[in-house]
Amino acid sequence: MGIFRSGMRWRSRLMLLSGCLGACAMSVPVFSYGSMAPYIYSYLWMQGQRFDIYHLNLHPSLFLMFVTSCGSVIGLLSKVMNERILYAIFSALLTLIMLSLYWFGTTYIALSIYMCAIGFCGGNVLVYTIGKATEWNPSKSGTANGVIGFFIGLSGFIGSFICTVYVNPNNVQTQRVYDPAYPELGNVTIFTDPTIYEKVPWLWVIFAIMFTALFLPSVIIVRSPTPDEVCEMTPLCDESFEVNKLTSDHNYSVVEMLKTCKFYVLYVIVMTMSLALLTGTEIFKELAKDTIADDHFLNVIGAALAICNAFGRLLWGVVMDKIGARWALFSAFLVITPGIVLLYWTRLMPWPYLINVCVVSFSSGIFTGIAPALVELFGHRDISLKYSICLSGELFGCLLFYLLSIGSVKLYSDLVFLILLAVPCGVSCIAGLIFI
């Protein structure tokens, strides 16, 4: 019996690790976007496409919007087609989508379509991966999702590393330029050296190769446990001192869940999670482009925040297993809310800014707590469908983030922009404590 249990543990860990590689691969082009944004903006500007850099925030917002709104497609299609085949199809499509930006050219519109497409495919990949992680680790869903989140967070580190080593190894600095044909844009900060911005199209080829290499293990290995394997996991759950006791006494159906007040509170919290996540990972270069004139240091910030976000996702998953959704959500947003506002002042000093960004990024790792919070509040039943429905709250959070970004161009200052991002996070802090 001990041999069987040991084999089951290793099988469970193998499934989890394979799923983590797939989730990391899917996330690299998106969670690296904050580091790549200045190079992409410079490339588009030199191609004659004129707009403010804050408009690039549309792209990660589109990705998360399509991830959340389309992530349940694989669950619906699985009724008529094998889940693993669907997973392989979506994975292959992601590779072709990345290569299409190299084949057909990188433009603002092409990037927008690309983010929608990768969000559609990536959302289904993510829902499948997280659903399988929960099935293979029923007693430690928070920890399992935290491990997946850790690898997703590391994807940003990979992007920052590529930006430093491949795109700008000599630490070429940006220049201030002015186009009299677009006086409303004023002086913009871009890379004018063609050896920098002309490498942008090749980034998509690098990402496609990396993506394929990381995804193959998950496509081949990840699957649902068989009925016999589920039976083998039961004694492991019963005898483990790590069993997650924070599970709902009642296994709610999706319809029953939608009738509860707690679901809609959690839905709003998920919406503000996307604000915190995008703030912590996507705009750090945009905020500091005029105050920290050192591209390598900004890439160091990108790498550091990615590592902090990765460990945040991992540790918040463990914390949620230990203390529950209410206190975990409250603690995270208690740090996020003032941290976002402080970015306005700390960006004037390199090292305080790095620490501030890392703290916000670490705390936004609470994003990984959505699935375990659903398990705690509503049970394991139909967890993939529940997760995809709740995750759709990000759709509105991403839309709000983009609208606030556009408003910051002309309507208000960066300080007001950050305050407007922080207020919903403060509301979630209070709502999580009172209603969850």
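### Brief notes about the state of the cysteines
- Counted under the stated rule, the structure contains 0 disulfides.
- This cysteine, Cys 20, is not joined by any disulfide, and Cys 24 carries the nearest cysteine sulfur, 9.0 Å off.
- On the accessibility criterion, Cys 20 (0% relative accessible area) is buried.
- You can see Cys 429 has no disulfide; the closest cysteine sulfur is in Cys 425, sitting 9.6 Å from it.
- Judged by its relative accessible area of 7%, Cys 429 falls in the buried class.

### Some words on the packing of helix 15 (residues 325–346) against helix 16 (residues 350–363)
- Two numbers describe how helix 15 lies on helix 16: the axes approach to 9 Å, and their chain directions differ by 155°. When the interaxial angle is binned, helix 15 and helix 16 end up roughly antiparallel. For the pair helix 15 and helix 16, the crossing hand works out as left-handed. Here helix 15 contributes Ala 332, Val 335, Ile 336, Gly 339, Ile 340, Leu 342, Leu 343 and Thr 346 to the contact with helix 16, which in turn contributes Pro 352, Tyr 353, Asn 356, Val 357, Val 359, Val 360 and Ser 363.
- Counted by class, the contact of helix 15 with helix 16 contains 11 nonpolar, 4 polar and no charged residues.

### Some points on the pattern of salt bridges
- As enumerated under the stated definition, the model contains 4 salt bridges in all.
- Residue Asp 295 pairs with Lys 285 through a salt bridge whose shortest N-O separation is 3.5 Å. Within this pair, whereas Asp 295 is found in helix 14 (residues 295–323), its partner Lys 285 is found in helix 13 (residues 284–288), the two being separated by 10 residues in sequence.
- Under the relative-accessibility criterion, Lys 285 is labelled buried at 2%.

Conventions we followed
- Residues numbered from 1 in each chain as written.
- Predicted model: local features only at pLDDT ≥ 70, side-chain atom pairs only at ≥ 80, totals over all residues.
- Heavy atoms only, no water.
- Disulfide = S-S within 2.5 Å.
- Buried < 20%, exposed > 50% of the residue type's maximum accessible area, 1.4 Å probe, protein only.
- Axes fitted to C-alpha atoms, helices over the stretch in contact; angles between N-to-C directions.
- Helix = DSSP H or I, 4+ residues; strand = E, 2+ residues; numbered from the N terminus.
- Parallel < 35°, antiparallel > 145°, perpendicular 65-115°, else oblique.
- Left-handed = near helix turned anticlockwise from the far one by under 90°.
- Contact = heavy atoms within 4.5 Å.
- Nonpolar A, V, L, I, M, F, W, Y, C, P; charged D, E, K, R; others polar.
- Salt bridge = Lys/Arg side-chain N within 4 Å of Asp/Glu carboxyl O.

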